Amino acid sequence: MAAMSPVLWFILFLPFGATSGFVSVTIGYLAKQQGIGDAAIASLVALNMLPHTFKFLWAPLPDATFTRRAWYVGASLVSTCTLIALGLVPVSGQTLNLLRLLVLLNAVAITVLGMAVEGLLGHVVPEQGRGVAAGWLQAGNLGGAGVGGGVALLLAQRFGTAPAMIGVAIGLLACVLALLWVPEPSVTRRESVWHELRGTVADLFGTVLRSRPGILAMVLCFLPAGAAAASGLFSAMADRWQTSADAVAVYTGVLGGLVAAAGCWAGGWLSDRMDRKRAYALSGIVLGAVAFGMYLGPRSETGYAVFTLAYQFAAGLAYGAFTGFVLEAIGRGAVATKYNVLASLSNIPIWYMTQINGWVSERWGPGPMLLVDATSEIAGAVVFLVVAGLILGASSASADA
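Every residue gets a number counted from 1 within its own chain, in the order that chain's sequence is written. A pLDDT threshold of at least 70 governs which residues receive local features in this predicted model, and a stricter bar of 80 or more applies before side-chain atom pairs are shown or counted, although totals over entire chains, interfaces and linings include all residues. Each side-chain value is worked out from all heavy atoms of the structure, with water and hydrogens disregarded.

Trainee: Now, about the environment of Asn106: what can you tell me, with residues and values included?
Mentor: Counting from the N terminus, the helices are the DSSP runs of H or I reaching at least four residues and the strands are the DSSP runs of E reaching at least two. Within the secondary structure layout, Asn106 lies in helix α5 (residues 96–124). C-alpha separation for the pair Asn106 and Leu83, spaced 23 residues apart in sequence, amounts to 7.2 Å. Any two residues having at least one pair of non-hydrogen atoms within 4.5 Å are treated as being in contact. Setting aside residues no more than four positions away along its own chain, Asn106 makes contact with Thr19, Ser79, Thr82 and Leu83. Polar contacts here mean pairs of N or O atoms no more than 3.5 Å apart (in protein, one a potential hydrogen donor and the other a potential acceptor; neighbouring residues in sequence count only if both atoms are side-chain atoms). Within the local environment of Asn106, its side chain forms a polar contact with the side chain of Thr82, the two groups lying 2.8 Å apart.

As structure tokens, this is what we get:
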């Protein structure tokens, strides 16, 4: 099957990132202005990630039922409705529980949207082009998070949150038009949904859980290397770097999204040109170095701009390299299921590091939080390389024997 234009993966995955950007950038900043603490803001961002940690439970559905295009359209409609509802609810301490519910509902819908895109990509894109496609996919994720959150914050500051979110939600819904250029892969269905689900689970165990590359990918998913969790607090800590709302919208939003997208393209490109395990570990080390640099750097708007942008580029590098590595490990077949088992697990360190970072920042400030984040990134990368050597080294030794 011929490969599609890689730009399509960027467009289709844009809502996946933009909705998380609205929570971390727009709601995060507005919540801080209402006097809500770092820990509460971090818990809201972490809640947005929570369904992504166990989305593998419903990942077989897009592989086994209906079509991936149909799942994408349905999930996009649900996400649009919840985004509009989020825009209509004022951000305050009294509305936190309702905001949490809406964030959770939207996050569940977005997981399904992501599965549909990943399933399409896994069948449409040939092996030699998966790194580049992965880069564009994650550019839609991180780039969308920055651009979506930044645009929403800029519009909210000028026209109010409700008009801003209605406009953003309708714009994201228009991404379904990209499906016109992406064919639904021809898949032979089994005689019933139950048999289809059994076949999907069998593919998961055979390809991922019983292969050394698959096991290594699972190990990677629990490590904090590449988590880039500090970015979830960039908007909340902006006032301590003397940074205005408009500057936050630009540096962690519009411009940050473009920089993150460039990082994703670089990560995908890199994963096609060097060992994909080392490419991912390198991205974790770069993230740690940037976080440490922000800790040492000046607490000014210039320092905020330089280091948040650098961090977002490094995050994109990690996401692009991760997707390239995982697509290599899972092969074809039930792509949505296999990818989302690993993607679900990979969100666990993002979730727990966001919680830890918020707790540290609440008690000791953003400086110590950056130190904790930097240490976790570098330590995770080192542990991953050591484990990779042990697992794959043992595989090579067995083959030689």
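On we go.
Trainee: Would you mind going over the pattern of salt bridges in detail, with residue names and values included?
Mentor: Any Lys or Arg side-chain nitrogen found within 4 Å of a carboxyl oxygen on Asp or Glu counts as a salt bridge. If you walk through the whole model with that rule in mind, you get 6 salt bridges. Its salt-bridge partner being Asp38, residue Lys32 comes within 2.9 Å of it at the nearest N-O pair. Each of Lys32, Asp38, Asp239 and Arg240 takes part in one network of salt bridges that share partners.

Trainee: Now, about unusual backbone geometry: what can you tell me, with residues and values included?
Mentor: Despite not being glycine, Ala228 shows a phi value in the positive range, around 55°. If you trace the backbone, Ala228 turns up in the loop between α9 (212–222) and α10 (245–271). Buried means the residue's accessible area, taken with a 1.4 Å probe over protein chains only, is under 20% of the maximum for its type, while exposed means over 50%, and partly exposed covers the values in between. Residue Ala228 is classed as buried on the basis of its relative accessible area of 5%. Of note, the phi angle at Gln242 is positive, near 50°, even though the residue is not glycine. Within the element layout of this structure, Gln242 appears in the loop between α9 and α10. Looking at Gln242, the relative accessible area reads 52%, which means it is exposed.

Trainee: How would you sum up the confidence of the model for the protein? Please name residues and give values.
Mentor: The pLDDT score gives, residue by residue, the confidence of the prediction method on a 0 to 100 scale. In this model, the protein carries a mean pLDDT of 83, and residues with pLDDT of at least 70 account for 88%. Counting interchain partners and residues more than four positions distant, the pLDDT-below-50 stretch residues 394–401 has 4 contacts.

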